[in-house]
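Observations on chain architecture
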Amino acid sequence: LKKFVEKQLIGIPLIGLSQINRVKNLSEHVSKDLEFDELILDTSIMLHNIGAKQWLDFNNNPIITSVNVSKRFLSDNFFPGKKIPEVLHAIEQCHVKGIPISLEAKILHDSFLLDEVGAIGILKDCFVFSKEKKPFNQWISSAKSNLGMIRNSFALDSAKELSIPRIEFYENYYNTLEKECL
């Protein structure tokens, strides 16, 4: 799994292998004292953004691509069949509009959202918005809208608590940027 993921995501800044490592680290904080299936969570974390290269190269939907690539990889590599739907659910629901049901999906979802805000979220925004060539005022508006959704999307209390300083930093940055540049 690790070799497959490394091959797919090597050289992709901020949303490639480094994001997997950040989400894994955040998941350890979010899931502290919870009982969950480690195989499902770890596999979901490794594959949650496997569609990033197709998004960068072809502008394909990264969530749908990640689910499809993951399903094919897991089915072809003797992953326990009963756990594949749980992994796919976690991947499919890890984004801001996701509605995670299983505990593993909630952990991945909240860890992914924590990665979206704070200092790293700002860098990721710069990367994404420069790729999409959005006008500056649209960038600010989109970031603020995204933050509004993220603020109300955490499924677990531990993530809500961890999000407070990250959201505050993110919000202050965009408010300052807006005042200085618009």
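Report follows, based on the coordinates. (Residues numbered from 1 in each chain as written. Predicted model: local features only at pLDDT ≥ 70, side-chain atom pairs only at ≥ 80, totals over all residues. Heavy atoms only, no water.)

**Looking at the overall build of the protein chain**
- The helix and strand tally for the protein chain stands at ten helices and zero strands.
- Mapped from its N terminus to its C terminus, the protein chain presents α and β elements in the order α-α-α-α-α-α-α-α-α-α.
- Taking 2.2 N^0.38 as the reference for a compact globule, 182 residues should give roughly 16 Å; the C-alpha atoms of the protein chain span a radius of gyration of 16 Å, in line with that estimate.
- Expressed as lengths along the three principal axes of its C-alpha atoms, the size of the protein chain is roughly 55 × 40 × 25 Å.
- In the protein chain, buried positions account for 45% of the 182 residues.
- A sequence separation of at least 24 residues applies to 69% of the contacts in the protein chain between residues at least 6 apart.
- About 9700 Å² of surface is accessible on the protein chain, with carbon and sulfur atoms providing 54% of the total.
- Computed over 22 positive and 23 negative side-chain charges, the separation of the two mean positions in the protein chain equals 6 Å. (Helix = DSSP H or I, 4+ residues; strand = E, 2+ residues; numbered from the N terminus. Rg over C-alpha atoms; globule rule 2.2 N^0.38 Å. Buried < 20%, exposed > 50% of the residue type's maximum accessible area, 1.4 Å probe, protein only. Contact = heavy atoms within 4.5 Å. Areas by Shrake-Rupley, 256 points an atom, 1.4 Å probe, with all protein chains shown as cover. Lys, Arg positive; Asp, Glu negative; His and termini not counted. Charge placed at Lys NZ, Arg CZ, Asp CG, Glu CD.)

**What about the pattern of salt bridges?**
- Tallying each qualifying case throughout the model produces eight salt bridges.
- One salt bridge connects Lys24 with Asp42, and the closest N-O pair in it is separated by 2.7 Å. In this pair, Lys24 sits in helix α2 (residues 17-30) while Asp42 sits in helix α3 (residues 38-47), placing the two residues 18 residues apart along the sequence.
- Residue classification places Asp42 among the partly exposed positions, given a relative accessible area of 26%.
- Among the ionic pairs, Glu116 bridges to Lys124, the shortest N-O distance being 2.5 Å. Judged on exposure class, the residue Glu116 and its partner Lys124 are both buried.
- Connected through salt bridges with shared partners, the residues Arg22, Asp115, Glu116 and Lys124 form a single ionic network. (Salt bridge = Lys/Arg side-chain N within 4 Å of Asp/Glu carboxyl O.)

**A few points about the packing of aromatic side chains**
- Applying the stated criterion to the full structure yields four aromatic pairs.
- Ring geometry for Phe136 and Trp139: centres 5.5 Å apart, planes at 90°, overall edge-to-face. In this pair, Phe136 and Trp139 both sit in helix α9 (residues 136-151), three residues apart, roughly one turn of the helix.
- The class of Phe136 is partly exposed, set by a relative accessible area of 28%.
- Exposure remark for Trp139: the relative accessible area of 15% places this residue in the buried category.
- An aromatic cluster is defined as three or more aromatic residues linked by ring pairs; in this entry it consists of Tyr170, Tyr173 and Tyr174. (Phe/Tyr/Trp six-rings, centres within 6.5 Å; stacked < 30°, edge-to-face > 60°.)

**Brief notes about the packing of α3 against helix α7 (residues 103-116)**
- The N-to-C vectors of α3 and α7 enclose an angle of 35°; their axes lie 9 Å apart at closest approach. Remark: the crossing between α3 and α7 carries right-handed chirality. In contact with Ile40, Leu41, Ser44 and Ile45 of α3, α7 contributes Glu104, Ile107 and Leu108.
- Per-class residue counts for the contact of α3 with α7 are five nonpolar, one polar and one charged. (Axes fitted to C-alpha atoms, helices over the stretch in contact; angles between N-to-C directions. Left-handed = near helix turned anticlockwise from the far one by under 90°. Nonpolar A, V, L, I, M, F, W, Y, C, P; charged D, E, K, R; others polar.)

**Regarding the environment of Leu26**
- Mapped onto the fold, Leu26 is located in helix α2.
- Residue Leu26 is classed as buried on the basis of its relative accessible area, which comes to 13%.
- Here the alpha-carbon distance between Leu26 and Phe79, two residues 53 residues apart in the chain, equals 25 Å.
- The contact partners of Leu26, leaving out residues within four places of it in the chain, are Ser111, Leu114, Asp115 and Arg166.

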